Amino acid sequence: MVKVAGIRFKAAGKVYYFDPGELDIRCGDNVIVESVRGIEFAEAACDVKEVSESEIVPPLKPVIRIATAEDRKRYEENEKKKDRAMRLCQEKIDKHKLDMKLVDVEYTFDNSKIIFYFTADGRVDFRELVKDLASVFHARIELRQIGVRDETKMMGGIGCCGRELCCHAWMPDFNMVSIKMAKTQNLSLNPIKISGICGRLMCCLQFENDVYTELKQGMPDNGERISTRDGDAIVFESNILEQKIKTRLILEEKTEDKPEKLSTEYYIYTKDEITRKERKKNPPQTPSEKSGPKKRSRRKSKSSNEDANISLMSEEQLKVLGDEEA
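Since the model is a prediction, treat every value here as computed from it, not as a measurement.

A. Expanded view of the overall build of the protein. If you tally the helices and strands in the protein, you get 9 helices and 15 strands. Among the 326 residues that make up the protein, the fraction classed as buried is 35%. Sequence separation of 24 or more characterises 59% of the internal contacts of the protein that already satisfy a separation of 6 or more. Approximately 21,400 Å² of the protein is accessible, and the part contributed by carbon and sulfur atoms is 49%.

See the structure below:
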């Protein structure tokens, strides 16, 4: 076991492990540490604890010290400089006519480096911009391009639930979200209802997905034929949380002369009260069918739909994406 201090650089950021040494670090204490970006002001996310060696990436960098009053004052001064840095950087962006949106700026604790975060549709040649900024601030300049999700996490806001955005308030990482999750939870594939402020799929689709996936096991699909105590029926709606199925009974089977006749009334059953009928399996292919022309398939990454701008899509496009994931 290794003694570590969990350190966080932002309010809802990742927790990194550092070597506390002999320091008595408590949760919420401000500390000074050295990261790959230089000397930084951070906060302890938990008390000093012991973790297994498999959870760390050695060697651990030490916590330099617990922040003093002077350190906190310097940190506050750095925060006050951000407005001026944002304004000057935006002026330089306008001067060079660069197609980029400035999002945020960070000073390292020792002012040796300034990091500007921006979003853009494509790659941006900002070499001249970096030279101009370096001549103004007399420090190392880094311009870091981020995605719209990271932008929303930095800026914050209020979600459709009326609460602060999860990514800004407490989520340290973005989990994979897919349209299949919305379909599993019987949500409307209306882009307005399932996309967040960032225009991507809402992160909260993932929160209850495991529960819905477990409860949906054994539940019939809409349009499926099932057997009930009252006879065969067609499924019209399934309530996953209540484990109930809304159906219409089949009064007369479909023939060549007349269509299938269903009951006008709806009948509701629980999952335990119905029996699913075996679906017809496709017949095995013959060797000649197997050797037919093959279509070139595109390999898609798991996060391709997650990164798509859902807010600009129609319901039909979302259904197609959901079918591709399935």
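B. Local environment of the side chain of Ser263. With respect to the secondary-structure elements, Ser263 resides in the loop between strand 13 (261-262) and strand 14 (267-270). Reaching out from Ser263, the side chain makes a polar contact with the backbone oxygen of Glu265 at a distance of 2.9 Å. Sequence-distant contacts of Ser263, that is, excluding residues within four places in its chain, are made with Arg248, Leu249 and Leu251.

C. Inspection of the packing of aromatic side chains at higher detail. Under the defined criterion, the tally for this structure stands at 8 aromatic pairs. Ring centres of Phe9 and Tyr16 lie 5.8 Å apart, and the angle between their planes is 55°; on these two criteria the pair is classed as tilted. Between Phe116 and Phe137, the aromatic rings sit 6.1 Å apart at their centres with planes inclined by 50°, giving tilted as the arrangement. Of this pair, Phe116 sits in strand 8 (residues 113-119) while Phe137 is found in helix 2 (residues 127-137), placing the two residues 21 residues apart along the sequence. Comparing Phe116 with Phe137 shows no difference in burial state: the two are buried. Members of the aromatic cluster, connected to one another through ring pairs, are Phe9, Tyr16 and Phe18. The side chain of Arg74 reaches across the aromatic face of Phe109, ending 5.1 Å from its centre.

D. Molecular detail of the sheet that holds strand 9 (residues 140-145). The strand order 7-8-9 describes an open sheet built from 3 strands, whose pairing is mixed. Because the sheet does not close on itself, it has two edges, and the strands there are strand 7 (101-107) and strand 9. With strand direction ignored, the average angle separating the axes of adjacent strands in the sheet is 20°. Where strand 7 meets strand 8, 6 bridges bridge the pair, whose relative direction is antiparallel.

E. The arrangement of the pairing of strand 12 (residues 244-252) in detail. Across 6 bridges, the pairing between strand 11 (residues 231-239) and strand 12 is antiparallel. Looking at the pairing, Ala233 lines up with Leu249 of strand 12. Linking two consecutive strands that pair antiparallel, namely strand 11 and strand 12, is a turn of 4 residues; a positive phi of about 60° is found at Gln243 within it. By the bridge criterion, 4 bridges tie strand 12 to strand 14 in an arrangement that is antiparallel. Bridge assignment links Lys244 to a residue of strand 14, and that residue is Thr270. With 2 bridges connecting them, strand 12 and strand 13 associate as antiparallel partners. Across the sheet, the residue bridging to Ile250 is Leu262, located in strand 13.

About the cut-offs
Residues numbered from 1 in each chain as written. Predicted model: local features only at pLDDT ≥ 70, side-chain atom pairs only at ≥ 80, totals over all residues. Heavy atoms only, no water. Helix = DSSP H or I, 4+ residues; strand = E, 2+ residues; numbered from the N terminus. Buried < 20%, exposed > 50% of the residue type's maximum accessible area, 1.4 Å probe, protein only. Contact = heavy atoms within 4.5 Å. Areas by Shrake-Rupley, 256 points an atom, 1.4 Å probe, with all protein chains shown as cover. Polar contact = N/O pair within 3.5 Å; in protein donor to acceptor, adjacent residues only side chain to side chain. Phe/Tyr/Trp six-rings, centres within 6.5 Å; stacked < 30°, edge-to-face > 60°. Lys NZ or Arg CZ within 6 Å of the ring centre and 35° of its normal. Pairing = 2+ DSSP bridges. Axes fitted to C-alpha atoms, helices over the stretch in contact; angles between N-to-C directions.

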